[in-house]
Amino acid sequence: MSLFSFFYYILSLLVYLLALPYLIYKSKSLKYSIAIPAKFFLKNNPCFEKSAVWFHCCSFGEIKAIKPIIDELNEEVNISVMTNTGFEEARKLSSNVRYLPYELFLPFWISKQKALLVMEAELWYMLFLVAKAKGIKTYLINARISDRSYASYMRFAFLYKRVFQHIDKVYAQSALDKERLENLGAHHVEIIGNIKLAQRPKITKKLDKPDGFIITAGSTHEKEEALILDAYEKTLGKLIIVPRHPERFDKVDVLIQNYIKNKALTYHRYSQQEDFKSDIILVDKMGELNNIYAISDCVILGGAFEKVGGHNPIEPAFFQCRIISGEHIFNQKPLFASVSHYTLTSNENLKSVLHNVQQLEKSNLIDIGTIEPIIKEIHGI
């Protein structure tokens, strides 16, 4: 172990000891009652028993992105995750799923694996250091450095340079990502596009498209529904609202009911009437968004009118919807780069843009990524 690694490990230990009271407190909440004990106390979280291709992903979206690779490999894999939603989704792909422990435990937890493939920006120093020390081939896949985070990464370039010393190959999303990754010390970088586009959106059931123009406000957040309702008029067509978080369904329901008072508008909740006959429909069921995008003419994509960072435009672009979003898409820029014909607008101008919605061009997907180089690499190990 190098001097740097020794001090890094000691620092990890000190951080762990300082955080212990908080971790114990948070582990008592229902949301973290499984994840925190697993990651920070190794409760019900043993190392992988079998040597296999090991994927590490942060959350739900990254787990979805590796599915085509796992399908193509056609073999049992190991998966580690960071979040509850990621864990549940990973269990659909493998019976060998773990929460990745805190770095302090990794020297004792990591077992010999065929290869380690880490998604996007999970650049944990001890993860790659220990994996390489145990003879595991290491890869960073779908790698990207966003505009917003690049300056922060560069401030800690001394650390990331050491991380990349233990990564055998990097598969980057774009030429800009390749340049930024190399500035941080990455080597053997290959551009293969965004592999999240290797899996096309699917519908779970075919819906009957109602007459008229259909506008869907998808994955909306606090304050965004009010903004969209203020910009909406009945003459534009039907408005379907799909909030991002199910715990907000009732709150959005109250908001809509207050909005339609003294207006000649009809409204219903989708869970109570599964059709689109009203002027405004609140979709208060999970798993319906792609089905609804498939019958939509326009999608107002949430998460960017507030400073959330935007949401994935791939699904509405796949279904060739007109896409309108806010200006705060900083977390989704690589995905928007794979979409042609979309409109970003300020909150103040949303009403004007929406009133000219039928003049907007339909979106399409461009520069779709490929998983073939990754599959070829793994088969060659």
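Now for a description of the structure that goes with this document. On a predicted model such as this, the values are computed, not experimentally measured, just so you know.

About the criteria used
Residue positions are given per chain, counting from 1 as you read along its sequence in written order. Thresholds applied to this predicted model are a pLDDT of at least 70 for local features of residues and 80 or more for the giving and counting of side-chain atom pairs; totals over whole chains, interfaces and linings are not thresholded and use all residues. Heavy atoms from the whole structure form the basis of all side-chain values; hydrogens and water molecules are not counted. The way it works is a 1 Å grid over only the protein atoms, where trapped points that fit a 1.4 Å probe form a cavity and open points with protein on both sides within 12 Å along at least five of seven lines form a pocket, and then any residue with an atom within 4 Å of a point lines it. Grid points are joined across faces, edges and corners, and a volume is the space filled by probe spheres set on the points. Helix and strand assignments follow DSSP, with helices taken as H or I runs no shorter than four residues and strands as E runs no shorter than two, numbered in order from the N terminus. Two strands pair under a simple rule: DSSP has to find at least two bridges between them. Axis lines are fitted to C-alpha atoms, over the contacting stretch for helices. Their N-to-C directions set the angle, which ranges from 0 to 180 degrees. Here the term buried applies to any residue with accessible area under 20% of the maximum for its type, exposed to any over 50%, and partly exposed to those in between, with areas from a 1.4 Å probe on protein chains only. The nonpolar core is taken to be a set of buried Ala, Val, Leu, Ile, Met, Phe, Trp, Tyr and Cys residues, with the residues joined through side-chain atoms within 4.5 Å. Whether two residues are in contact is decided by their heavy atoms, any of which lying within 4.5 Å being enough. Roughly parallel means an angle under 35 degrees; roughly antiparallel means over 145; roughly perpendicular covers 65 to 115; every other angle is labelled oblique. Each crossing gets its handedness from the near helix: less than a right angle anticlockwise from the far helix is left-handed, clockwise is right-handed. Each residue gets one label: Ala, Val, Leu, Ile, Met, Phe, Trp, Tyr, Cys and Pro are nonpolar, Asp, Glu, Lys and Arg are charged, and the others, such as Gly, are polar. Each aromatic pair joins two rings of Phe, Tyr and Trp (for Trp, the six-membered one) with centres within 6.5 Å, and gets the label stacked for planes under 30 degrees apart, edge-to-face for over 60, and tilted for any other angle. A positively charged side chain is recorded as over a ring if its NZ (Lys) or CZ (Arg) lies within 6 Å of the ring centre. The angle to the ring normal must also be within 35 degrees. One side-chain nitrogen of Lys or Arg within 4 Å of one carboxyl oxygen of Asp or Glu is enough to make a salt bridge. Whenever a nitrogen or oxygen atom comes within 3.5 Å of another N or O atom, the pair is scored as a polar contact, on the condition that within protein one atom can donate a hydrogen and the other can accept it, and that pairs from neighbouring residues in sequence are kept only if both atoms are in side chains. Orienting the strands away from the viewer, one traces the path from the first strand over the helix to the second; a clockwise path indicates a right-handed crossover.

**A look at the layout of surface pockets**
Working step 1: Considered as a void within the structure, the second largest pocket measures approximately 240 Å³ in volume.
Working step 2: The wall of the second largest pocket is formed by 16 residues, among which S174, D177, K333, P334 and A337 lie closest to the centre.
Working step 3: For the lining of the second largest pocket, the secondary structure elements donating two or more residues are α9 (175-183) and α14 (333-336).

**Quick notes on the sheet that holds strand β8 (residues 214-220)**
Working step 1: Across the sheet, 7 strands lie side by side as β10-β11-β9-β8-β12-β13-β15; this open sheet has parallel pairing. Taken across any chain shown, the strands that pair with only one partner, and hence form the sheet edges, are β10 (267-269) and β15 (342-344). Neighbour-to-neighbour, the strand axes of this sheet turn through a mean angle of 20 degrees, independent of strand direction.
Working step 2: Across 3 bridges, strand β9 (residues 238-243) lies against strand β11 (residues 280-282) in parallel orientation. Among the inter-strand pairings, I241 is bridged to a residue of β11, identified as L282.

**Points about helix α10 (residues 224-231)**
A turn of α-helix holds 3.6 residues, and therefore any two residues three or four places apart point the same way.
Working step 1: In terms of residue burial, α10 counts as a mostly covered element, since 6 of its 8 residues are buried.
Working step 2: Among the residues of α10, E224, E225, L227, I228, L229 and A231 are the ones counted as buried.

**Section: the nonpolar core**
Working step 1: L123, L140, F164, V170 and L181 are the most contacted members of the largest nonpolar core, which totals 44 residues.
Working step 2: With 7 residues, the single largest contributor to this core is helix α6 (residues 125-133).
Working step 3: Those residues in contact with L123 that lie beyond four places of it in its chain are F128, L140, Y153, Y160, V163, F164 and I167.
Working step 4: Formed by 30 residues, the second largest nonpolar core is a distinct cluster that contains A35, I79, A90 and L117.

**What about the packing of helix α1 (residues 3-26) against α6?**
Working step 1: One can describe the packing of α1 onto α6 by two numbers: an axis separation of 11 Å at closest approach and a directional angle of 130 degrees. One finds that α1 runs oblique with respect to α6. Every pair of crossing elements has a handedness; the one defined by α1 and α6 is left-handed. Facing α1, whose interface residues are F4, S5, Y8 and Y9, α6 presents Y125, M126 and L129.
Working step 2: In terms of residue class, the contact of α1 with α6 is built from 6 nonpolar, 1 polar and no charged.

**Observations regarding the packing of aromatic side chains**
Working step 1: One pass over the structure, following the stated rule, counts 17 aromatic pairs.
Working step 2: Taking 4.7 Å as the distance between ring centres and 10 degrees as the angle between the ring planes, the aromatic pair formed by F87 and Y99 counts as stacked. Taken together, the residues span a long stretch of sequence, with F87 in helix α4 (residues 84-90) and Y99 in strand β3 (residues 96-99) at a distance of 12 residues. Across the pair, exposure class does not vary: F87 and Y99 are buried alike.
Working step 3: Stacked on the ring of F4, the Lys or Arg R162 has its end atom at 4.2 Å from the ring centre.
Working step 4: The ring of Y259 carries the charged tip of K263 above its face, separated from the ring centre by 4.3 Å.

**Some points on unusual backbone geometry**
Working step 1: Residues other than glycine seldom take positive phi values, yet E120 does so here, at roughly 60 degrees.
Working step 2: By the secondary structure assignment, E120 is in the loop between β4 (115-119) and α6.
Working step 3: Even without being glycine, N262 reaches a positive phi, approximately 65 degrees.
Working step 4: Structurally, the position occupied by N262 is in the loop between α11 (249-260) and β10.
Working step 5: For N262, a relative accessible area of 86% translates into the label exposed.

**Some words on the pattern of salt bridges**
Working step 1: The full count for this structure, using the stated rule, is 21 salt bridges.
Working step 2: Of the charged contacts, one joins D71 and K67 as a salt bridge, the two residues approaching to 2.8 Å between their closest N and O atoms. With D71 and K67 both in helix α3 (residues 60-73) and 4 residues apart, this pair spans about one turn of that helix.
Working step 3: Given the relative accessible area of 46%, D71 is considered partly exposed.
Working step 4: Residue classification places K67 among the partly exposed residues on the basis of a relative accessible area of 30%.
Working step 5: Three or more residues are tied together by salt bridges with common partners; here these are K205, E274, K285 and E288.

**Focus: the side chain of S363**
Working step 1: The residue S363 is located in the loop between α15 (350-355) and β16 (364-365) in this model.
Working step 2: A residue is classified by how much of its surface remains accessible, and S363, at 0% relative accessible area, is buried.
Working step 3: Here H341 takes part through its backbone oxygen, which lies 2.6 Å from a polar atom of the side chain of S363.
Working step 4: Ignoring any residue separated from it by four or fewer positions in sequence, one finds S363 in contact with A317, Q320, C321, R322, I323, V339, S340, H341 and Y342.

**Regarding the pairing of strand β6 (residues 169-172)**
One face of the sheet, then the other: side chains in a regular strand alternate in exactly this way.
Working step 1: Relative to β6, strand β5 (residues 137-143) is paired through 3 bridges, and the arrangement is parallel. Bridge pairing in β6 places L140 opposite V170.
Working step 2: Note that β6 and strand β7 (residues 189-191) share 3 bridges and pair parallel. Its bridge partner being in β7, Y171 is matched across the sheet by E190.
Working step 3: Once you follow β6 into α9 and on to β7, the crossover reads as right-handed.

**Concerning the environment of T204**
Working step 1: Following the sequence through the fold, T204 ends up in the loop between β7 and β8.
Working step 2: Judged by its relative accessible area of 65%, T204 falls in the exposed class.
Working step 3: Each C-alpha atom, one on T204 and one on N290, is 8.0 Å from the other, the two residues being 86 residues apart in sequence.
Working step 4: With residues up to four places along the chain from it excluded, the contact list for T204 reads G287 and N291.

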